[in-house]
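Coordinates in review
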Amino acid sequence: MTGYDVVVIGSGLGGLSAAALLARAGLHVAVVERNEHPGGYAQVFRRGEYVFDPAIHFTLDAGPGGFTPKLLEHVGVADRVRFVASEHTYRSFFPDLTFDAMPGRDAFLRSHQELFPADSDGLARLFEMRQAIFAQLAALPQKVGPDGLEAAMATAPLVFRHRMSSVEDVLKEYLRDSRTAAAVASIWPYVGSPPSRMSFLLFNQMLETMHAGCYYPLGSFQTVVDALAAAVVENGGDVLLGAAATKIVLREGRAAGVEVAGGTVLPARAVVSNADPQHTFGELVGWDATGPSLRRRIGRYKLSPSAVVLYGVLNADPDALGLVHESFVFPSWDHERTWSELQAGRPGGIWVSVPTLLDPSLAPPGVHLCVVTGLVPARADGSWRAVRDDVADRMLRDVDALIPGLRDAFEIVEVATPDTLHRYTNSSGGATYGWENIPAQTASKRLAHRTPVDGLFLSGQWAEEGTSSLRVLTSGRATAAMVAADLGSPGTVPDLGGPSFLNLPARG
Ligand SMILES: Cc1cc2nc3c(=O)[nH]c(=O)nc-3n(C[C@H](O)[C@H](O)[C@H](O)COP(=O)(O)OP(=O)(O)OC[C@H]3O[C@@H](n4cnc5c(N)ncnc54)[C@H](O)[C@@H]3O)c2cc1C
């Protein structure tokens, strides 16, 4: 068997972006994917004439000059993906208030000031500070080592001040009314933690990037997956489907290849894993080879929640129901209460998506698809099937309380539980976002791209840069740059921009 320069385990967006960039850099690359189709959480599924994205509903920084268009351009497949922008950022339904968040920081601020006039000044100061943090982060180098710490602290004092802050910590400083804070924190389900737990810096990076627009690739996220997979192949690499990695082969302590189901070994000079680290290190490498400290560290990480997702058809006009492309449904103003109930098994942080509002081609003419997602504890133990229908009905009732008529209009086509999400991606507990996005597990507090095993790298939502379609694509770029340099081709993976990813040193 001919050897590869790099074998990438997993064809999620994080694996494919690394693979496509490495192939474009002239390295001989193979991607091995255990599923029969590429994409991980971005892998589409079809039911009859309906096309459903299983997880991702929108992405960020995908407008002209954004990170993802630049990535696709660089690997030679820009013409295969067309992004459209959503008119709304989102709509939030609270018990006695429904409001829209629109693109643009100023529009977002103004609408919240109008809704919560008593907090108008606090909101203005908060948004000024948020913008300053975003700018300070952008001014930092992508990686700050201990040597650059002092200079970084001078350049970005607000970043250092808030690196361990939760959203709640910061909002309390600026806002008097808990309802204002609850409204501003509406995006918490996208991050998977309530305001008291969610990293403020991550929240801020996401919301600032959302101000610039939310985007959908026409034809589904599979088009991004297929374009990146094609880039691997067109640049001389292989994408091997139905090829589960069963072992990362070590030679003298260095990753030297990947064994796939059936026993074939693909020799390689470096290995990138896009898979869950518990699987990567515990099963593919073996804890004996990693040393006890990595095992302890991984054992301490908390998982983000998983989700129950209802995929359906809407037998009603979304507009008449009050739905936009993305709508949050909060039965309570108290997100912390929702979080405790979620821990007890009641799906919470629910959002309703109508993908056909952005891309009518996903269903026959005149038909609207609708996806209802609710967060639940990350537990994929085979027990969800028994309660699936009850949980689905509970979710629809909760949504119906704030969007009357939705339950009657919603015709379920498919339901995913944490067991399904686990099956799709092999992620522990069917976790939606990898490790939970609390300050102690965000950015450089996640696992580094370079692992303690020589020649083995990580890319994707469990590693630095973290959660979301955009973050895993940028994670793939960072990993690819590192691997290319290690294999003797430094500078062949360009900086493609994208929002800074908070890679601060461990102390500061
Ligand atoms: C319900 C839900 C909604 C979401 N909504 C959004 C959204 O609207 N916008 C957004 O940006 N993000 C969203 N996300 C988050 C986003 O989907 C993820 O952050 C991102 O897709 C993760 O990509 P990844 O490449 O890290 O990993 P994954 O997509 O998990 O891919 C990992 C891949 O590795 C493969 N693999 C694992 N083990 C092996 C092995 N041994 N051999 C071979 N292959 C292996 C898996 O099969 C899989 O294909 C959502 C997630 C969920 C679950």
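Cut-offs applied
Residues numbered from 1 in each chain as written. Predicted model: local features only at pLDDT ≥ 70, side-chain atom pairs only at ≥ 80, totals over all residues. Heavy atoms only, no water. Salt bridge = Lys/Arg side-chain N within 4 Å of Asp/Glu carboxyl O. Helix = DSSP H or I, 4+ residues; strand = E, 2+ residues; numbered from the N terminus. Buried < 20%, exposed > 50% of the residue type's maximum accessible area, 1.4 Å probe, protein only. Axes fitted to C-alpha atoms, helices over the stretch in contact; angles between N-to-C directions. Parallel < 35°, antiparallel > 145°, perpendicular 65-115°, else oblique. Left-handed = near helix turned anticlockwise from the far one by under 90°. Contact = heavy atoms within 4.5 Å. Nonpolar A, V, L, I, M, F, W, Y, C, P; charged D, E, K, R; others polar. Lys, Arg positive; Asp, Glu negative; His and termini not counted. Polar contact = N/O pair within 3.5 Å; in protein donor to acceptor, adjacent residues only side chain to side chain.

Looking at an unreviewed UniProt entry, one finds the protein named Prolycopene isomerase, with Jiangella alkaliphila as its source organism.

On to the pattern of salt bridges. Applying the stated criterion across every chain yields a total of 19 salt bridges. Across the pair Glu234 and Arg80 runs a salt bridge, and its minimum N-O distance is 2.9 Å. Pair noted here: Glu234 is in helix H11 (residues 222–234) and Arg80 is in the loop between helix H2 (67–74) and strand S6 (83–85), with a separation of 154 residues, a long-range link. Residue class for Arg80 comes out partly exposed when judged on its relative accessible area of 37%. Between Arg346 and Asp398 there is a salt bridge, with the nearest N and O atoms lying 2.8 Å from each other. Linking Arg346 in the loop between helix H15 (335–343) and strand S16 (348–353) with Asp398 in helix H16 (residues 384–402), this pair joins segments that are 52 residues apart in sequence. Look at Arg346 and you get partly exposed, because its relative accessible area is 23%. The class for Asp398 is buried, based on a relative accessible area of 10%. Connected through shared salt-bridge partners, Arg337, Glu341, Arg346 and Asp398 make up one network.

When two helices pack together, their arrangement is given by the angle between the helix axes and by the axis-to-axis distance. Two numbers describe how H2 lies on helix H19 (residues 469–486): the axes approach to 10 Å, and their chain directions differ by 45 degrees. Classified by the angle their axes make, H2 and H19 are oblique. Taken as a pair, H2 and H19 cross one another with a handedness that is left-handed. Here Phe67, Thr68 and Leu71 of H2 come into contact with H19, specifically with Leu470, Leu473, Thr474 and Arg477. When grouped by side-chain class, the residues that make up the contact of H2 with H19 number four nonpolar, two polar and one charged.

Let us look at the side chain of Asp53. Within the secondary structure, Asp53 sits in the loop between strand S4 (50–52) and strand S5 (59–60). An unpaired buried charge is present at Asp53: no salt bridge exists, and Arg46, the closest side chain of opposite charge, is 9.5 Å distant. Here Phe221 takes part through its backbone nitrogen, which lies 2.9 Å from a polar atom of the side chain of Asp53. Among all residues touching Asp53, those that are not within four sequence positions of it are Val44, Tyr216, Ser220, Phe221, Gln222 and Tyr311.

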